[in-house]
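# Remarks on the overall topology
Chain by chain, the residues:
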Amino acid sequence: MSYFDNVQPIQYEGPASVNPLSFKFYNPEQVVLGKTMKDHLRFAVAYWHSFSANGSDPFGAGTNIRAWDQYDGMELAKARVEACFELLNILGVEYFAFHDRDIAPEGSTLQETNANLDEIVALIKDKMNATGKKLLWNTANMFTNPRFVHGAATTNNAEVFAYAAAQVKKALDHAKELGAENYVFWGGREGYETLLNTDMGLELDNLARFLHMAVAYAKEIGFTGQFLIEPKPKEPSKHQYDFDAATTLSFLQKYDLLPYFKLNLEANHATLAGHTFEHELRVARLNGILGSIDANQGDLLLGWDTDEFPTDLYATTMAMYEILLNENGIGSGGVNFDAKVRRTSFEPIDVVYAHIAGMDAFARGLQVAAKLIEDKVFDNILDARYGSFKSGIGADIVAGKADFKSLEAYALANNGPIKNQSGRLELIKATVNQYLTNA
Ligand code: XUL
Ligand code: CO
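Below, the structure is looked at part by part. Worth saying up front: this structure is predicted, and the values here are computed from it rather than measured.

The rules behind the values
- Residues numbered from 1 in each chain as written.
- Chains lettered and ligands numbered in written order.
- Predicted model: local features only at pLDDT ≥ 70, side-chain atom pairs only at ≥ 80, totals over all residues.
- Heavy atoms only, no water.
- Helix = DSSP H or I, 4+ residues; strand = E, 2+ residues; numbered from the N terminus.
- Expected span 1.5 Å × (residues − 1).
- Buried < 20%, exposed > 50% of the residue type's maximum accessible area, 1.4 Å probe, protein only.
- Arc of directions from axis to C-beta.
- Contact = heavy atoms within 4.5 Å.
- 1 Å grid on protein atoms, 1.4 Å probe; cavity = no way out; pocket = protein on both sides within 12 Å on 5 of 7 lines; lining within 4 Å.
- Points joined across faces, edges and corners; volume = space filled by probe spheres on them.
- Nonpolar A, V, L, I, M, F, W, Y, C, P; charged D, E, K, R; others polar.
- Domains from an automatic or database assignment.
- Axes fitted to C-alpha atoms, helices over the stretch in contact; angles between N-to-C directions.
- Parallel < 35°, antiparallel > 145°, perpendicular 65-115°, else oblique.
- Left-handed = near helix turned anticlockwise from the far one by under 90°.
- Core = buried A, V, L, I, M, F, W, Y, C linked by side-chain atoms within 4.5 Å.
- Near = heavy atom within 4 Å.
- Polar contact = N/O pair within 3.5 Å; in protein donor to acceptor, adjacent residues only side chain to side chain.
- Areas by Shrake-Rupley, 256 points an atom, 1.4 Å probe, with all protein chains shown as cover.
- Pairing = 2+ DSSP bridges.
- Donors = N, O, S within 2.8 Å, 3.2 Å for Na, K, Ca; no water.
- Tetrahedral: all angles 85-135°; square planar, octahedral: opposite > 155°, others 65-115°.

## Remarks on helix α5 (residues 110-131)
Between the first and last C-alpha of α5 there are 31 Å, a value that for 22 residues agrees with the 32 Å anticipated at 1.5 Å per step. Considered for burial, the residues of α5 that qualify are Thr 113, Asn 114, Asn 116, Leu 117, Ile 120, Val 121, Ile 124 and Met 128. Projected onto a plane normal to the axis of α5, the buried residues spread over an arc of 155 degrees and lie on a single side. Looking at α5, the residues exposed on the side facing more than 90 degrees away from the buried face are Gln 111, Asp 126, Asn 129 and Ala 130. Looking at the packing, one finds that the buried side of α5 touches α3 (73-91), β6 (95-99), α4 (100-103), β7 (134-139) and α6 (158-178). The first or second residue beyond α5 is Gly 132, which carries a positive phi of 80 degrees.

What follows is the structure, given as structure tokens:
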């Protein structure tokens, strides 16, 4: 049985193709800067959006038409596994990602819940072995169930903390079992609403304790995937502790967790934090913690986490520029489509179109970013703009040879007016546009 209209595997047909079921830019084996597109991008499908969600929003019921909805309980869970592997095959995508609660229903006890999970993980493992598909990452959903109303690792209730630990322990067992290349911590309800009833110090200390326990358990069972933290500034908590890349970095530094964690950065989370996606990627890259990305885009007119499929070529180009400059590129991470079709795009085929759109947007972004790098466009801009630090007093500053006294002496001796140069911003933007249209 087909869940996606018997669509055949999507082929690359080039930018001139009018076939909606073809890639215009994503050509998996095409080599860009010494590596295939497939290896640069390491695309992943997000289970929760494409197989578990139903298209509902706070004002209305689900609209998605999905053939697996004829089932429920464990039968539904099994049908979703079938659908997932069918979609991966159609798209030629190698990876997928899931939360524990996406793949199997909760039972009335933790034992029952774990048994349900074990059964579906075994099915997924068989499918992975049969198809060669891989798990980019898994994670524990510690935000949907009402028990997490006050948080999980940052809850005020120690029993919830223990339950969350049990849940992550199980998820790490499954990560090991399925050979997950990463494991993600997104702190869904790890934040607070008001300081009037919040012990921020204890909550943050506990979050660090929780993460150290995860590191210790992974070591104990021999799970070697990369740990990732996914920052987000708000939603569902009013104030999330892992606000953005810089905040998360200082948390990791303070609690001696930096050796064990990198970041999974999401475009829409960046814009919610008041940053561009490339800002977040740059902060992570400069600090050696750029691990993986959740590819999507927000709507700047709306200002919440709309999780749209990424189609903005400017944004994908700037993101791929940072990834290409990262040591070892995206590394063991990937480009995970944490994105959902709009409520109005309710047919199964829309899920296929949406992924094609996102994959092409990133493939095009990769091509343009590679050309910008090859032609040293930004290198030349920066060389010229920061030229004053290459010689004379600037070189002394950078070499650590200057102090306040020598700089004062220099400033006093230089009586003429200081001359600045134009930043040439409009010219630079026009150049980027040229690359976007011609590269
Ligand atoms: C929520 C979000 C999550 C994480 C995984 O905004 O991005 O889906 O990616 O828990
Ligand atoms: Co995400």
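## Quick look at the layout of surface pockets
Empty space within the second largest pocket amounts to approximately 540 Å³. Lining the second largest pocket are 19 residues, with Arg 282, Met 318, Phe 378, Leu 382 and Ile 428 sitting closest to its centre. Of all the secondary-structure elements, those providing two or more residues to the lining of the second largest pocket are α10 (277-286), α11 (313-325), α13 (377-385) and α16 (425-438). Looking at the lining of the second largest pocket residue by residue, the classes come out as 11 nonpolar, 1 polar and 7 charged. Viewed by domain, the lining of the second largest pocket spans two of them, domain 1 (11-375) and domain 2 (378-438), each represented by three or more residues.

## Thoughts on the packing of α3 against helix α12 (residues 348-374)
What describes two packed helices is the angle between their axes and the distance between those same axes. Contact pair α3 / α12: the axes reach a minimum separation of 11 Å and the direction vectors enclose 45 degrees. By the angle class used here, α3 and α12 are oblique. Crossing geometry of α3 relative to α12 is assigned as right-handed. Between α3 and α12, the contacting residues are Leu 87, Ile 90 and Leu 91 on the first element and Val 351, Val 352, His 355, Ile 356 and Met 359 on the second. Grouping the amino acids of the contact of α3 with α12 by side-chain chemistry returns 7 nonpolar, 1 polar and no charged.

## Let's talk about empty space enclosed by the protein
Here the structure, examined in full by the defined rule, presents 3 cavities of 30 Å³ or more. Looking at the largest cavity, its volume works out to about 160 Å³. At the level of elements, β8 (182-185) and α7 (200-221) are the ones that each hand at least two residues to the lining of the largest cavity. Here the residues of the lining of the largest cavity sort into 13 nonpolar, 3 polar and 2 charged.

## Considering the nonpolar core
Core analysis: the largest hydrophobic core is formed by 127 residues, its most contacted members being Phe 4, Phe 96, Ile 124, Tyr 183, Phe 185 and Phe 227. With 13 residues, α12 is the single largest residue contributor to this core. Formed jointly, this core draws a minimum of three residues from each of two domains, domain 1 (11-375) and domain 2 (378-438). In this structure, Phe 4 is in contact with Phe 51, Trp 68, Ala 83, Glu 86, Leu 87, Ile 90, Pro 348, Val 351 and Val 352, ignoring residues within four places of it in sequence.

## Side note on the site of ligand 1
In the vicinity of ligand 1, the residues found are Trp 48, His 99, Trp 137, Trp 186, Glu 230, Lys 232, Glu 266, His 269, Asp 294, Asp 305 and Asp 338. At 2.6 Å, a side-chain N or O of His 99 approaches an oxygen atom of ligand 1. Asp 294 has a polar side-chain atom sitting 2.9 Å from an oxygen atom of ligand 1. Burial of ligand 1 by the surrounding chains reaches 93%, relative to a free accessible area of 290 Å². Of the residues assigned to the shell around ligand 1, the class counts are 3 nonpolar, 2 polar and 6 charged.

## Focus on the pairing of strand β10 (residues 226-229)
Pairing between β8 and β10: 4 bridges, direction parallel. Pairing of Val 184 across the sheet is with Leu 228, part of β10. Relative to strand β12 (residues 261-266), β10 runs parallel, the two being bridged by 3 bridges. When the sheet's bridge partners are listed, Ile 229 is paired in β12 with Leu 263.

## Considerations on the sheet that holds β12
What the 8 strands build is a closed barrel, ordered β5-β6-β7-β8-β10-β12-β13-β14; its pairing is parallel. Strand after strand, the sheet turns through a mean of 30 degrees between neighbouring axes, direction not considered. The pairing of strand β5 (residues 43-46) with strand β14 (residues 335-337) spans 3 bridges and is classified as parallel. For Phe 43, the partnering residue across the bridge sits in β14 and is Val 335. Each of β6, β7, β8 and β10 touches α6; the most contacted strand, β8, lies at about 155 degrees to it.

## Details of the coordination of the cobalt ion (ligand 2)
Protein ligation of the cobalt ion (ligand 2) involves Glu 230 (OE), Glu 266 (OE), Asp 294 (OD) and Asp 338 (OD), the donor distances falling in the range 1.9 to 2.1 Å. Viewed at the metal, the 6 donor atoms of the cobalt ion (ligand 2) are separated by angles of 80 to 171 degrees, and the geometry they form is octahedral. Motif for the cobalt ion (ligand 2), donor spacing along one chain: E-x35-E-x27-D-x43-D. On the criterion of sequence distance, the pair formed by Glu 266 in strand β12 and Asp 338 in the loop between β14 and α12 is long-range, its members being 72 residues apart. The pair Glu 266 / Asp 338 is uniform in exposure class, with both members buried.

## Regarding α11
Here α11 spans 18 Å end to end across 13 residues, near enough to the 18 Å set by a 1.5 Å rise per residue. Within α11, the full set of buried residues consists of Thr 316, Thr 317, Met 318, Ala 319, Met 320, Tyr 321, Glu 322, Ile 323 and Leu 324. For α11, the secondary structure elements touched by its buried residues are α1 (37-41), α10, β13 (290-294), α12, α13 and α16. With a side-chain oxygen positioned 3.0 Å from the backbone nitrogen of Tyr 314, the residue opening α11 is Asp 312.

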